[in-house]
Amino acid sequence: MHQKPDGDAMGSALGLYHFLKAIGHDVTVISPTNWADFLDWMPGCAQVIDYDLNREKSAALVKAADWIFCLDFNVLHRTRHFEPVVAAAKGIRILIDHHQQPQVEAFAYGASNTAKSSTCEMVYDFITEAGYDEVLNETIATCLYTGLMTDTGSFRFPSTTASVHRIIAHFKDLGLKHTPIHENIYDNFLENRLRFIGHALLNRLDVLYEYNTAIMSITKADLLKFDIKTGDSEGLVNYLLTIEGIRFGALVIDRDEERKWSFRSKGDFDVNTFARTHFEGGGHKNAAGGRSSESLEQTTEKFKQVIQQYEVQLQ
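No experiment lies behind these values; they were computed from the predicted model shown. Going along each chain's sequence as written, the residues are numbered from 1 onward. Given that this is a predicted model, residues contribute local features only at a pLDDT of at least 70 and side-chain atom pairs are listed and counted only at 80 or more, while totals for whole chains, interfaces and linings are drawn from all residues. Each side-chain value is derived from all of the structure's non-hydrogen atoms; neither hydrogens nor water enter the calculation.

A. View of the overall build of the chain. When helices and strands are counted, the chain shows eleven helices and eleven strands. We compute the radius of gyration over the C-alpha atoms and compare it with the globule rule, which gives 2.2 Å times the number of residues raised to the power 0.38. Expected size for 315 residues packed as a compact globule is a radius of gyration near 20 Å; at 19 Å, the chain falls within 12% of this value. Dimensions of the chain, computed from the C-alpha atoms along their principal axes, are close to 55 × 40 × 40 Å. Counting across all 315 residues of the chain, residues that qualify as buried make up 49%. Pairs of residues are marked as contacts when any of their non-hydrogen atoms sit within 4.5 Å. For the chain, the share of sequence-separated contacts (at least 6 apart) that also reach a separation of at least 24 residues comes to 63%. Helix and strand assignments follow DSSP, with helices taken as H or I runs no shorter than four residues and strands as E runs no shorter than two, numbered in order from the N terminus. Type-normalised accessible area, obtained with a 1.4 Å probe on protein chains alone, sets the label of each residue: buried when under 20%, exposed when over 50%, and partly exposed for intermediate values.

Written out as structure tokens, the structure is:
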């Protein structure tokens, strides 16, 4: 899965893990980095190896693997420091992903479908289209539902097709209990996160009404003050689109090694293209990410200059 995995990355990896084990394979799940605490409850998460903490073991496992499934990312650099290990592996790399513009030459086989809501939906298709419906169970459903739910914004994004709801109906028939999943993902934070969100909304929000855009810049001091951990800023960018008339929301966070951008949009404004053009990133049409090696102040100012080019598109 990609670095700093979200619900779809972890859900698709664990869903595939449980399926492949059920049909007799020896399977290991490796994350390039740590992940948010609110994913720890997921079935099998305790067996996931963090590459950053177990580099020799991870490298040995990948070197020995026959098949390497690459889930919820489509360019190898999304695995951060794990990239050279994956790139050098002799095993067959298989892509299952729904992001735009895959690094095709990096994979021997795979499925890349931007019309899909999530990688979890694609793993479900992989299992059922291979004729293994009978192997699906509540454990696999729980993992895959997590990614379906998180990547569709709890089923409100346009990617929530009829097929998504049919999958969920199938999962409910298998005994899926969806309420605990929502609670584990969305109601499982410490008090400091809520205070951090309040601080960010009050002190770090800049609304550019002439461009129907809102931007939020989070300093390293903010992260330290509120003891922000991996996953605590998840969903923060979505608050920006709740402002009436705002079509483009951008969040930049001052991380140790770089500045990380999150972009969200409504309608036809393509943040994937925006991120690739200006901030070394990419993703989906309405949800993308980026990065910058410039200071927080410099990259924020660059954004405010660049956005002027899109005034007509954002009306």
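B. Focus on the side chain of S117. Checked against the element boundaries, S117 lands in the loop between β5 (109-112) and α4 (119-129). Non-local contacts of S117, meaning those with residues more than four positions away in its chain, are made with H98, L148, D151, T152, S159 and V164.

C. How the structure looks around the nonpolar core. Of all hydrophobic cores here, the largest spans 43 residues; its most connected members are M10, L14 and F171. For this core, the elements supplying multiple residues, two or more each, are α1 (7-22), β3 (67-71), β4 (92-97), α4, α5 (138-151), α6 (162-173) and α7 (178-186). The biggest single contributor to this core is α1, with eight residues. Leave out the neighbours within four places in its chain, and L14 touches V29, M42, P43, G44, C45, V48 and C143. Grouped together as the second largest cluster of nonpolar side chains are 20 residues, F263, F274, A288 and F303 included. By convention a nonpolar core is built from buried Ala, Val, Leu, Ile, Met, Phe, Trp, Tyr and Cys residues, the set being connected through side-chain atoms within 4.5 Å.

D. Quick peek at the sheet that holds strand β9 (residues 259-265). The criterion for strand pairing is that DSSP finds at least two bridges linking the strands in question. Within the open sheet, the six strands sit side by side as β6-β7-β8-β9-β11-β10. Their pairing is mixed. With one partner strand each, in any of the chains shown, β6 (205-208) and β10 (282-283) form the two edges of the open sheet. The pairing of β9 with strand β11 (residues 287-292) spans six bridges and is antiparallel. Directly across from W261, in β11, lies its bridge partner G290. Against the sheet, helix α8 (residues 191-203) contacts β6 and β7 (213-218), and its axis sits at roughly 125° relative to β7. Under this scheme, a helix contributes an axis fitted over its contacting stretch, all axes are lines through C-alpha atoms, and angles between N-to-C directions fall in the 0 to 180 degree range.

E. Broad picture of the sheet that holds β3. Here three strands make up an open sheet; going across it, the order is β3-β4-β5 and the pairing parallel. Every other strand in the sheet has two partners, leaving β3 and β5 as the edge strands with one partner each. With strand direction ignored, the average angle separating the axes of adjacent strands in the sheet is 15°. Inspection of the sheet shows β4 paired to β5 by four bridges, in the parallel sense. Its bridge partner being in β5, L95 is matched across the sheet by G110.

F. Spotlight on the packing of aromatic side chains. Stacked, edge-to-face and tilted are the three classes for Phe, Tyr and Trp ring pairs, Trp counted by its six-membered ring, which pair at centre distances within 6.5 Å; planes under 30 degrees apart are stacked, over 60 edge-to-face, the rest tilted. Considering all chains together, one arrives at 24 aromatic pairs under this definition. A ring pair is formed by F274 and F279, whose centres lie 6.0 Å apart and whose planes are at 35°; its orientation type is tilted. For the pair formed by F274 and F279, the shared burial category is buried. Among the aromatic side chains, those forming a connected cluster through ring pairs are F248, W261, F263, F269, F274, F279, F303 and Y310.

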